Amino acid sequence: MLLGAIAIVASNWGAAEGLLRSAIQSMTGLAEAHNHLGVVLAATNREEEAALSYERSMAANSKYVPAPYNMGVLRMKQNRSEEAIRFFQAALAIRPDYVKAHDLLASTYRSLGRLEEAIEGYRQAVKHDPKFAEGHYNLGVVLGEKGNLEEAAPSYEKALQLRPDFMEALKNLGAAYLTLSKFTQAICSNTMKARCSN
């Protein structure tokens with residue numbers, strides 16, 4: 001099975017599929033092999049076969065967190081948002097500090113217009129990984145969509161503190177400050193702070 005995982009990393013999908021199918025046949029109920037096979041099948045646009053592999057992985061080991069997470073990613077890609085939510089929640093029930101699951105759960109809520117739940121999801125993501133710049137940015141975006149620019153601005157600032165080249169965060173921060181009539185902050189947002197403090 002290790003060779004199958006290595007083939008995945010190398011994007012050698014044909015070899016990976018063969019090796020993982022062999023591992024599954026020799027060791028029925030192997031959650032990791034079923035999950036990896038699902039990854040290969042999803043990467044080669046065989047989505048329903050991938051879903052079946054993820055289901056088998058979850059059946060083999062209900063505590064193996066990558067399977068419900070990957071199923072959530074697949075369902076999100078297929079615009080089956082309610083199912084994606086259920087699988088991301090299942091992954092988080094197993095591992096509550098799983099930042100990527102919080103992030104994609106929040107993104108799914110946002111796509112459905114469920115902004116309060118999206119805000120909570122992004123807050124959980126940055127709570128578990130305070131250095132997750134995209135999480136801070138996404139939180140700022142949703143707070144801005146809710147009209148709460150006073151709270152959005154610090155999220156953009158944090159994203160920029162973590163990733164100074166994050167141009168979307170810089171743009172949104174400047175726009176938030178302009179809307180709030182904080183003109184000095186808008187002009188001096190992040191990349192120009194050294195000039196503005198003189």
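Keep in mind the model is a prediction, meaning the values are calculated, not measured.

The rules behind each value
- Residues numbered from 1 in each chain as written.
- Predicted model: local features only at pLDDT ≥ 70, side-chain atom pairs only at ≥ 80, totals over all residues.
- Heavy atoms only, no water.
- Helix = DSSP H or I, 4+ residues; strand = E, 2+ residues; numbered from the N terminus.
- Expected span 1.5 Å × (residues − 1).
- Buried < 20%, exposed > 50% of the residue type's maximum accessible area, 1.4 Å probe, protein only.
- Contact = heavy atoms within 4.5 Å.

## Section: helix 9 (residues 133-145)
Along an α-helix, a turn takes 3.6 residues, which lines up residues three or four apart on a common side.
Part 1: The end-to-end C-alpha separation of helix 9 is 18 Å, in line with the 18 Å expected for 13 residues at 1.5 Å each.
Part 2: Across the 13 residues of helix 9, 10 count as buried, placing the element largely inside the fold.
Part 3: When we look at burial in helix 9, the residues that qualify are Ala-133, Gly-135, His-136, Tyr-137, Asn-138, Leu-139, Gly-140, Val-141, Val-142 and Leu-143.
Part 4: Next to the buried residues of helix 9 lie helix 7 (99-111), helix 8 (115-128), helix 10 (149-162) and helix 11 (167-179).

## Thoughts on helix 5 (residues 66-77)
Part 1: The end-to-end C-alpha distance of helix 5 is 16 Å, a good match for the 16 Å that 12 residues give at a rise of 1.5 Å each.
Part 2: All buried positions along helix 5 are accounted for by Ala-67, Pro-68, Tyr-69, Asn-70, Met-71, Gly-72, Leu-74 and Arg-75.
Part 3: As for helix 5, its buried residues are in contact with helix 3 (31-43), helix 4 (47-60), helix 6 (81-94) and helix 7.
Part 4: Of the residues trailing helix 5, Asn-79 is marked for its positive phi of about 60 degrees.

## Considerations on the environment of His-36
Part 1: Position of His-36 among the secondary structure elements: in helix 3.
Part 2: Look at His-36 and you get buried, because its relative accessible area is 16%.
Part 3: Residues His-36 and Ser-57 lie 21 residues apart in sequence; the distance between their C-alpha atoms is 9.1 Å.

The quantities given are spatial measurements derived from coordinates; they are silent on function.
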